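# Results of the structural survey
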Amino acid sequence: MKAVYLEADAVNRGDISLEPITSVMETTVYGNTTEDDKYEHIGDAEVVYANKIIFDEEAFTRLPNLKYIGVCATGYNVVDIEAAKKHGVTVTNVPAYSTESVAQLAWGFIIESAARISAHNESVHKGDWVRSETFCYWNYPVMELAGKTIGLIGYGNIGSRMAEIALAFRMNVNIYTAHPEKYKDDPMISGRSDINFVSLDEIWEKSDIVSLHCPMNKDTEKMICRETIDKMKDGVIIINVSRGGLVNEQDLADALASGKVAAAAADVVTVEPMKEDNPLLTAPNMCLTPHLAWASVEARSRLIDVVAENVKSYLRGDKLNVLT
């Protein structure tokens, strides 16, 4: 069998090895692939490793040799799963490889938004402390997390880790998930009054911080928008380390400009790489990182190992992390 790795530069910048994957079968590695050259790069390969390249009905029709797609990520919204089933293509993903790294960045965002560390560091380096008449000052309000309420949307691996860390900060944790009954016996929740499953409206109305940890689908697309922001507390903080499409970016930028949202942070945007006219680029109190929450050396190494195990399992006729 022949394989192609379409977007290797997104995973490996020379600090990890692709050998666990490339040793399985003859594999052509491309640093990057776009929608314009994906058919040229895939050619007659039967196995494809991809991240953001779209596989829809047209793609499956134009790639009759394709038998297997190894999605090099947890999210798989770029693949039309029903079309894959129709064409007999097996699709796998990599769950839970980046849980610690993503939760780490999300909490970095939260602490940054609460303490305004970067803004005060910049102020000090400009000489404001040298010129200060008093021994201390602050240019922005500094918020203590203990006693505040964080609203988590999604309670998968990352959402549950976020909740665990929030409890260590002595915060109140409200969680919205489509299937709360799955977690009724969760030992972290049982018997506690500071962590609860609630409705979306309660998330909007009671949260000091709203943090997104859910997949993007027809029910969640642009769930952060003018209507839902209007229901939130004045001065709310919004964190998105999930998918850019969960947020109406113009509505969030407007809410930041008005002060309704005190601060926001995102590792993801609707169109990536980010476009020059994205309204979040010029929004006040908006912290942005370039989709790097998953990118620790440790997480990327785990990713490669699981992608390799997935395809080995497929070749044996087993089903490891199979979506179709």
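Basis of the calculations
- Residues numbered from 1 in each chain as written.
- Predicted model: local features only at pLDDT ≥ 70, side-chain atom pairs only at ≥ 80, totals over all residues.
- Heavy atoms only, no water.
- Buried < 20%, exposed > 50% of the residue type's maximum accessible area, 1.4 Å probe, protein only.
- Helix = DSSP H or I, 4+ residues; strand = E, 2+ residues; numbered from the N terminus.
- Pairing = 2+ DSSP bridges.
- Right-handed = clockwise from strand over helix to strand, strands pointing away.
- Axes fitted to C-alpha atoms, helices over the stretch in contact; angles between N-to-C directions.
- Contact = heavy atoms within 4.5 Å.

## Examining the pairing of strand S6 (residues 149-153)
With respect to burial, S6 is a largely interior element, 5 of its 5 residues being buried. The two faces of S6 match: Thr149, Gly151 and Ile153 on one face and Ile150 and Leu152 on the other face are all buried. The sheet contact formed by S6 and strand S7 (residues 172-176) spans 5 bridges and is parallel. Across the sheet, isoleucine 150 pairs through a bridge with valine 173, a residue of S7. In the classification by handedness, the crossover that spans S6, the intervening helix H7 (residues 157-168) and the parallel S7 is right-handed. In the sheet, S6 pairs with strand S9 (residues 209-212) via 4 bridges, with the strands oriented parallel. Paired with isoleucine 153 across the bridge in S9 is leucine 212.

## Overview of the sheet that holds strand S4 (residues 68-71)
Taken in spatial order, the 5 strands make up an open sheet running S2-S1-S3-S4-S5, and their pairing is parallel. Each having just a single partner strand, strand S2 (26-29) and strand S5 (90-92) make up the two edges of the open sheet. Ignoring which end each strand starts from, the neighbouring axes of this sheet average 15° apart.

## So, the side chain of asparagine 93
Along the chain, asparagine 93 falls in the loop between S5 and helix H5 (99-115). Excluding residues that lie within four positions of it along the chain, asparagine 93 makes contacts with Val71, Ala73, Thr74, Tyr76, Asn310, Asn321 and Leu323.

## Considering the pairing of strand S3 (residues 47-50)
Burial of S3 is two-sided: the residues Val47 and Tyr49 facing one way and the residues Val48 and Ala50 facing the other way are all buried. Pairing geometry for strand S1 (residues 2-5) and S3, over 3 bridges, is parallel. Across the sheet, the residue bridging to valine 4 is valine 48, located in S3. For the handedness criterion, the β-α-β arrangement of S3, helix H3 (residues 57-62) and S4 is classed as right-handed.

Functional significance is not addressed by these values, which are geometric in nature.
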